[in-house]
Amino acid sequence: MTSMIWKIACNEWRRLWHARVPVLLLMVLVTLWAIAVLAAHHHWQDHARTVAEVTARSQHDWQSQPDRHPHRVSHYGDFVAKPVHPLSVIEPGILDQSGHLVYLEAHRLNSANFNPATEATTLGRFSLMTPAMIVQWWMPLFLIMIAYATVTADKITGILSFMRGNGIPGWAIAAGKWLALFLPLLLLLCLQALLTLAWSWHSEQLSVRLSIMLLAQSSYIAGWCLLVVTVSWFSRQLHSALLTLLLLWVCVCIIFPRGLANLAQINHPTQPRAEAEYHAEAKLKTIGDSHNPDDPHFLAFKQGILNKYQVSRIEDLPVNYQGLLMQEGERLTTAVYREQQALHDAQLAEQNESIRRWLWFTPALALQYIQMAGSGNDLPHHQDFIRQSEVRRYQLIQYLNQIHTFKVQQHDDKNTRVSADFWKKAPRPPITLPSLSVSQPSILAGFLVLFGWLLLPGILLFKVSHRL
């Protein structure tokens, strides 16, 4: 029976080759894929070059600082860049929208900036064509145009009845038709994976991430092949098969993904950044104002420091009180801004959860979730980058405040300069790409939907294949 399925697949390839138009459409698809690969690779190289240059420049500027006051160094600030995985060539995800550089400074928790999507010209605001987009949108569309008549034409010409009359079971015919459609596209997906593996084999977590992306893409395309054969078998006329498949493509790839995203934004709106900063500043004024000498919190803090060192005046302290004040102020502002950031993250998590509950409507969005997670460019990866940046910022600023406390004389605070060797020893831990576990809910939900995407058309095809 295996040889019979293979013969049916070979006959289907021969028919498509002689029809010419399917071959032409396949060549157009391969051309689009090649253009997408080259454009995405150029975009990734440009992005990686920018990040490397900014990182090197920031490192050089930080190390080149002269002797100066620690508080001036804390406001001089530092830059950190988001680590970009080479799989971003396949799926850049939210990288262009979320930004990839964060400016670290005292008293503030800045968001990522330098995002190309907001810096592009009007013409450049069209979505970048990527290999992930080809697999998600264009490959199913070209598959529909190539194979919508794969069974319907045989029914009209009587070939299907002839094959069934010669004892060939319907499921074997369906399997051969499906194999003929799936294998060439699977070959293209494997070629894409091999090319990616060849030029980025040294990258961390590459094998796991690439395997997950390839498995998801293969399952998605296999489901579309099953759906095309099922609808073609069920339809009595060519135009009905084509229109049904095109309607399904529009719903699965365009309407449902956009609709779910819009509904999530409406039902779970996020707080604008300007409003979040306003609330943070208002809360800081209620907690404590270090610039107000009569502020209750800092009066109590001052008295606690005097009691700790058993002195009655600030001037008698063995350390610099301004440095201690900076440490306490930084602790308070960090707590408030982190609270606002946590609120924003919770709002985004509610949006994602809302979308995941209805993800079974659209396997195209399920595939996108998995591809973005695999390339390290989804929301959980970005949030981890922001958290790592904030940890580095807080450690750096408090280190400078400690230098202010113990290395700057209080009686000559403003005129004191501290050795530049202290800046070179400052804690500046590198930002690393997190493991795939940060995106586990999205990956599991995506694969569950893709499993259903394979199962449902498969069951339908098995049932309709018993019909003539």
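Below or above, wherever it landed, is the structure these notes cover. As a convention, each chain's residues are numbered from 1 in the sequence order in which they are written. For a predicted model such as this one, the threshold for reporting local features is a pLDDT of at least 70, and the threshold for listing and counting side-chain atom pairs is 80 or more; totals across whole chains, interfaces and linings nevertheless cover every residue. Excluding hydrogens and water, the side-chain figures rest on all heavy atoms present in the structure.

Some points on the overall build of the protein chain
Inclusion rule: Helix and strand assignments come from DSSP, with helices taken as H or I runs of at least 4 residues and strands as E runs of at least 2, each series counted from the N terminus. Here the globule rule is a power law, 2.2 Å times the number of residues to the power 0.38, and the radius of gyration is based on C-alpha atoms. Note on classification: 1.4 Å probe, protein chains only; a residue is buried when its accessible area is under 20% of the maximum for its type, exposed when over 50%, partly exposed between these limits. By definition in these notes, contact holds between two residues if any of their heavy atoms fall within 4.5 Å. Where accessible areas are quoted, they stem from the Shrake-Rupley method and a 1.4 Å probe; at the residue level, only the protein chains shown are allowed to cover. Here the positive residues are Lys and Arg and the negative ones are Asp and Glu; neither His nor the chain ends is included. To locate a charge, take NZ of a lysine, CZ of an arginine, CG of an aspartate or CD of a glutamate.
Counting its regular elements, the protein chain contains 18 helices and two strands. Expected size for 468 residues packed as a compact globule is a radius of gyration near 23 Å; at 30 Å, the protein chain overshoots this value by more than 25%. Taking the principal axes of its C-alpha atoms as reference, the protein chain extends roughly 105 × 40 × 40 Å. Counting across all 468 residues of the protein chain, residues that qualify as buried make up 47%. Considering only residue pairs separated by 6 or more positions, the protein chain has 81% of its internal contacts joining residues 24 or more positions apart. A total of about 23400 Å² of accessible surface is found on the protein chain, and carbon and sulfur atoms cover 64% of it. Separation between the mean location of the 38 positive side-chain charges and that of the 32 negative ones in the protein chain comes to 12 Å.

Considerations on the nonpolar core
As a reminder of what qualifies: The term nonpolar core refers to a set of buried residues drawn from Ala, Val, Leu, Ile, Met, Phe, Trp, Tyr and Cys, joined through side-chain atoms within 4.5 Å.
Formed by 58 residues in total, the largest nonpolar core has its most connected members in Met 139, Tyr 220, Ile 221, Trp 224 and Trp 233. At 13 residues, helix H10 (residues 206-234) tops the list of elements feeding residues into this core. Ignoring sequence-local partners within four residues, the contact set of Ile 221 consists of Val 135, Met 139, Pro 140, Phe 182, Leu 185 and Leu 189.

Structural notes on the packing of aromatic side chains
Put simply, the test is: Aromatic rings from Phe, Tyr and Trp, taking only the six-membered ring of Trp, are treated as a pair when their centres fall within 6.5 Å; an angle between ring planes under 30 degrees marks them as stacked, one over 60 as edge-to-face, and anything in between as tilted.
All chains considered together, the criterion is met by 13 aromatic pairs. The interplanar angle of 25° and the centroid separation of 6.4 Å between the aromatic rings of Tyr 220 and Trp 453 together place this pair among those described as stacked. Of the two residues, Tyr 220 sits in helix H10 while Trp 453 sits in helix H18 (residues 440-464), which places them 233 residues apart along the sequence. A relative accessible area of 0% means that Tyr 220 is categorised as buried. Of the residues examined, Trp 453 reaches a relative accessible area of 11% and is grouped as buried. For the ring pair Trp 358 and Phe 361, a centre distance of 6.0 Å and an interplane angle of 25° mean the geometry is stacked. Its relative accessible area of 42% is what places Trp 358 among the partly exposed residues. Members of the aromatic cluster, each reached through a chain of ring pairs, are Phe 256, Trp 358, Trp 360 and Phe 361.

Some details on a nonpolar patch on the surface
As a reminder of what qualifies: Patch construction takes residues with relative accessible area above 30% that form no salt bridge. Like charges are linked within 9 Å, and nonpolar side chains (Val, Leu, Ile, Met, Phe, Trp, Tyr) are linked within 5 Å. For salt bridges, the criterion is a side-chain nitrogen of Lys or Arg within 4 Å of an Asp or Glu carboxyl oxygen.
On the surface, a nonpolar cluster with roughly 370 Å² of combined accessible area is contributed by Leu 194, Leu 197 and Trp 201. We classify Trp 201 as exposed; its relative accessible area is 64%.

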